[in-house]
Amino acid sequence: MAVQTTSPVPQQQASLAESGVVLEGVARSYRDRRGVPVPALDGVSLRVGSGEVLAVVGPSGCGKTTLLELICALQRPDAGNVASSPAALMPQRDLLLPWLSALDNAGLALRIAGHSRARARARAGELFAELGLSGFEWARPDELSGGMRQRVAFLRTLLSGKPVLCLDEPLSALDAITRGELQNWLTGALLREPRTVVLVTHDVEEAIVLADRVLVLSPRPGRVIAEIAVELPRPRRGTDPAAIALRERAMRALSEGASR
Amino acid sequence: MSARPVRFVPAAIFALALLAAWELYVDAAGVDQLVLPAPHAMFAQLWDNAGLLWSNFTITAREVVLGLALALVAGFAVAVAIHLSPLLRRAIYPHAVGSQAVPIAVVAVPLCFWWGFGIFPKLLVIALICFFPVVVTTVDGLASVDPDQLKLLRTLDASRLQAFRFAELPAAIPAALSGARIALAVGVIGAFIAETSTPSIGPYAGLGRQITSDLTALQTPRAYAATTVLFAFAVACFYSLTLIEHRLAPWAHKAKGENR
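Residues numbered from 1 in each chain as written. Chains lettered and ligands numbered in written order. Predicted model: local features only at pLDDT ≥ 70, side-chain atom pairs only at ≥ 80, totals over all residues.

S.K.: Explanation requested: the overall build of chain B in the structure shown.
M.R.: If you tally the helices and strands in chain B, you get 11 helices and zero strands. When the elements of chain B are put in sequence order from the N terminus, they spell out α-α-α-α-α-α-α-α-α-α-α. Along the longest, intermediate and shortest principal axes, the C-alpha atoms of chain B span 75 × 50 × 30 Å. Counting across all 260 residues of chain B, residues that qualify as buried make up 38%. Considering only intrachain contacts with a sequence separation of at least 6, the fraction spanning at least 24 residues in chain B is 76%. (Helix = DSSP H or I, 4+ residues; strand = E, 2+ residues; numbered from the N terminus. Buried ≥ 20, exposed ≤ 12 C-beta atoms within 10 Å, placed from the backbone. Contact = placed C-beta atoms within 7 Å.)

S.K.: Would you take a moment to explain the sheet that holds strand β6 (residues 87-90) of chain A for this structure?
M.R.: Where strands meet in a sheet, backbone hydrogen bonds hold them as pairs that are either parallel or antiparallel. Residue and element names in this part refer to chain A. An order of β6-β7-β8-β4-β9-β10 is seen for the six strands of this open sheet, with the pairing classed as mixed. Looking at strand neighbours, the two that pair on one side only are β6 and β10 (224-229), the edges of this open sheet. Along the sheet, successive strands turn relative to each other by an average axial angle of 15°, direction set aside. Of the strand pairs in this sheet, strand β4 (residues 53-57) and strand β9 (residues 213-217) are connected by four bridges, and their pairing is parallel. Residue pairing for β9: A55 is matched across the bridge by V214. (Pairing = 2+ DSSP bridges. Axes fitted to C-alpha atoms, helices over the stretch in contact; angles between N-to-C directions.)

S.K.: Please clarify how the interface of chain A and chain B should be interpreted in this entry.
M.R.: Many analyses report the size of an interface as the accessible area lost when the parts associate. Each side of the interface is counted separately: chain A has 16 residues, and chain B has 16 residues. Looking at the side of chain A that touches chain B, the elements that each hand over two or more residues are β6 and α3 (108-112) of chain A. Looking at which element gives the most residues to the side of chain A that touches chain B, the answer is α3 of chain A, with three residues. Considered class by class, the residues forming the side of chain A that touches chain B number 12 nonpolar, one polar and three charged. (Nonpolar A, V, L, I, M, F, W, Y, C, P; charged D, E, K, R; others polar.)

S.K.: Even after reading the chapter, I still don't get the pairing of strand β8 (residues 196-201) of chain A, so can you show me in this structure?
M.R.: Working note: regular strand, side chains alternate between the two faces of the sheet. Residue and element names in this part refer to chain A. Of all the six residues making up β8, six are buried; the element is thus mostly covered by neighbouring parts of the structure. Across the two faces of β8 the burial is the same, with T196, V198 and V200 and V197, L199 and T201 all buried. Inspection of the sheet shows strand β7 (residues 164-168) paired to β8 by five bridges, in the parallel sense. Pairing of V164 across the sheet is with T196, part of β8. Handedness of the crossover is the feature at issue here: the chain leaves β7, passes through helix α6 (residues 176-192), returns alongside β8, and the resulting connection is right-handed. (Right-handed = clockwise from strand over helix to strand, strands pointing away.)

S.K.: Would you take a moment to explain helix α5 (residues 104-115) of chain B for this structure?
M.R.: Helical periodicity: at 3.6 residues per turn, an α-helix aligns residues three or four positions apart in one direction. For α5 of chain B, built from 12 residues, the straight-helix expectation of 16 Å at 1.5 Å per residue is met to within 8% by its first-to-last C-alpha distance of 15 Å. One or two residues past the end of α5 of chain B sits G116 of chain B, with phi positive at roughly 80°. (Expected span 1.5 Å × (residues − 1).)

S.K.: How should I be thinking about the nonpolar core in this particular structure?
M.R.: Generally speaking, soluble globular proteins have nonpolar side chains that are buried together. Core analysis: the largest hydrophobic core is formed by 133 residues, its most contacted members being I71, C166, V198, L199 and V214 of chain A. Ignoring any residue separated from it by four or fewer positions in sequence, one finds L199 of chain A in contact with V53, L54, A55, L167, A207, L210 and A211 of chain A. (Core = buried A, V, L, I, M, F, W, Y, C linked by C-beta atoms within 7 Å.)

S.K.: When you look at unusual backbone geometry in this model, what are you seeing that I'm missing?
M.R.: The phi angle of most residues is negative, glycine excepted, and most peptide bonds adopt the trans form. Residues and elements named next belong to chain B. Even without being glycine, D157 reaches a positive phi, approximately 65°. With respect to the helices and strands, the residue D157 is situated in the loop between α7 (147-155) and α8 (160-197). Here D157 falls in the partly exposed class, since 14 other C-beta atoms lie within 10 Å of it. Positive phi, close to 60°, is recorded for L218, a residue that is not glycine. Turning to its location among the elements, L218 is positioned in the loop between α9 (206-216) and α10 (220-248).

S.K.: Just checking my understanding: could you explain the packing of helix α6 (residues 120-142) of chain B against α8 of chain B for this structure?
M.R.: Helix packing geometry: the angle between the two helix axes and the distance between the axes. All names here are of chain B. Between α6 and α8, the least distance of the axes is 6 Å, while the angle of their chain directions is 155°. Compared by their axis directions, α6 and α8 come out roughly antiparallel. For the element pair α6 and α8, the recorded crossing hand is right-handed. Partitioning the contact of α6 with α8 into residue classes produces 20 nonpolar, eight polar and four charged. (Parallel < 35°, antiparallel > 145°, perpendicular 65-115°, else oblique. Left-handed = near helix turned anticlockwise from the far one by under 90°.)

S.K.: I keep staring at helix α1 (residues 9-29) of chain B and nothing clicks. Help me out?
M.R.: All names here are of chain B. The terminal C-alpha atoms of α1 lie 30 Å apart, and with 21 residues this matches the ideal 30 Å at 1.5 Å per residue to within 8%. Counting buried residues along α1, only zero of its 21 residues qualify, which leaves the element largely exposed. At the C-terminal side of α1, G30 shows a positive phi close to 65°.

S.K.: Hey, could you run me through the environment of A253 of chain A in this one?
M.R.: Residue and element names in this part refer to chain A. Topologically, A253 is positioned in helix α8 (residues 241-259). Between the C-alpha atoms of A253 and L186, which are 67 residues apart in sequence, the distance is 26 Å. Not counting the four nearest positions on each side in its chain, A253 is found in contact with V216, I225 and A226.

S.K.: Is there a simple way to explain the pairing of β6 of chain A in this structure?
M.R.: Residue and element names in this part refer to chain A. Residue alternation in β6 divides its side chains into two sets, A87 and L89 and A88 and M90, and both sets are buried. Examined bridge by bridge, β6 and β7 share four bridges and lie parallel to one another. Note on β7: the bridge partner recorded for A87 is V164.

S.K.: What's the story with the confidence of the model for chain A in this structure? I'm lost.
M.R.: Interpretation of this model should avoid reading the predicted coordinates in detail wherever pLDDT is low. Residues and elements named next belong to chain A. In the predicted model, chain A carries a mean pLDDT of 85, and the fraction of residues at 70 or more is 93%. The lowest-confidence element of chain A is strand β1 (residues 3-6), averaging 56 in pLDDT; the highest-confidence one is helix α2 (residues 102-106), averaging 94. The low-confidence segment residues 7-17 (pLDDT under 50) makes 19 contacts with residues lying over four places distant or belonging to another chain. (pLDDT = per-residue confidence, 0-100.)

S.K.: Looking at this structure, I do not really get the environment of V152 of chain A. What am I missing?
M.R.: Residue and element names in this part refer to chain A. For V152, the location among the structural elements is in helix α5 (residues 146-158). Among the residues examined, V152 registers 28 C-beta atoms within 10 Å and is labelled buried. Counting along the chain gives 89 residues from V152 to P241, while the straight-line C-alpha distance between them is 33 Å. In this structure V152 touches L96, A102, N105, A106, L133 and L144, once residues within four positions along its chain are discounted.

Encoded structure:
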């Protein structure tokens, strides 16, 4: 079951792989406080294959979050087509429910899907140790550190069971060591159980470590200005020479985009 | 809120200071005790008429607790209806505001005509007085959920009802209980109004009745003693509600708890 969001002006229908994402010529603007339209994305076309991990990097305010909301059908494009398999969003702010324990927040999607509380807790609990959250099952969000909250939010996204995961700066609140551990864990988890992932980040190294392909967006309005295929064996390290070379390429594309 | 007795020391000192000033003023200025009884006379009445005051107190306390409960249930239900239906909001809200302007004496007659001289018409009067703060705070609480939070629930395929159950309803609980505390403050005087504006059976029914008949019978110190009981009852109910709120909505008190 694919979710199609089309701009009011019908254009050529985007075709869709079995569980992927296709954007064609997507433009989207929002209105600022005075009602002046500000273009966020302008003519973005991209295609994410089934099981592919796509990283999108770009300067702040280049419409990365808008891109993910379009894929999750939370917004409609002003022009162009968006077609995506059902997608779960991990927002930049974790948006955990303050009245639920960490365990219940992680299993929220299962509760919504109609599973019993016990079953949702059991499923979520299995992954708590892997994410270094053991012992915090019953803590409320306000008792967790920023990094822990992010991991719980990640778990909630993963347990939604949707084929496409849209991750908005998922590891930004973590310290370097935990981030490295979670990148490894995520790499392993995606190898075991492939999902289509659209990962938005401003951390170019993280994009290289996790993604099959990196798209570089220009400053607002966002447009794809470079595409870098990352054909390195997994697990990767950001310090490998090949990874550093790719990072240089991405950084160059970013700074060229910024100076244009 | 901590239950440590030390917490109540400032209030006790303040009460003693007020009573001392009052006592000194009445003695020094030679005020007639029918105009303003001295605290010692008031406490003497409290002691001498403990049985009478207690039996009237139990009547009034039951009215306040049941009337407040009625207001809470009705207020919460109306708030939910207003929240879920813009049509009902437009239809009901102005009348909820207007109901606060209705003098009780106007409705007391038909209430007694329909339901007699027992407790029920008094409960309705108290509920009418307490209803409005509960509605207003609950409506605000239901609307206080972060729109991004609701967006996220939508990506997890939550129905309108599930969004209500997982996000809006829990958010409204601390708000409704704040409303209940405001309602309580007016509910105690509401009981006084209820008792004095609706006829009852027997010479004394509740502290409100007792106070009015004591004042007309020139038993001013005893009226003051009864007022002291109402005062203490309001304080006790207020802090009981705070305790209930901590039990029902512990997440809402993290910040206060940390710097207690």
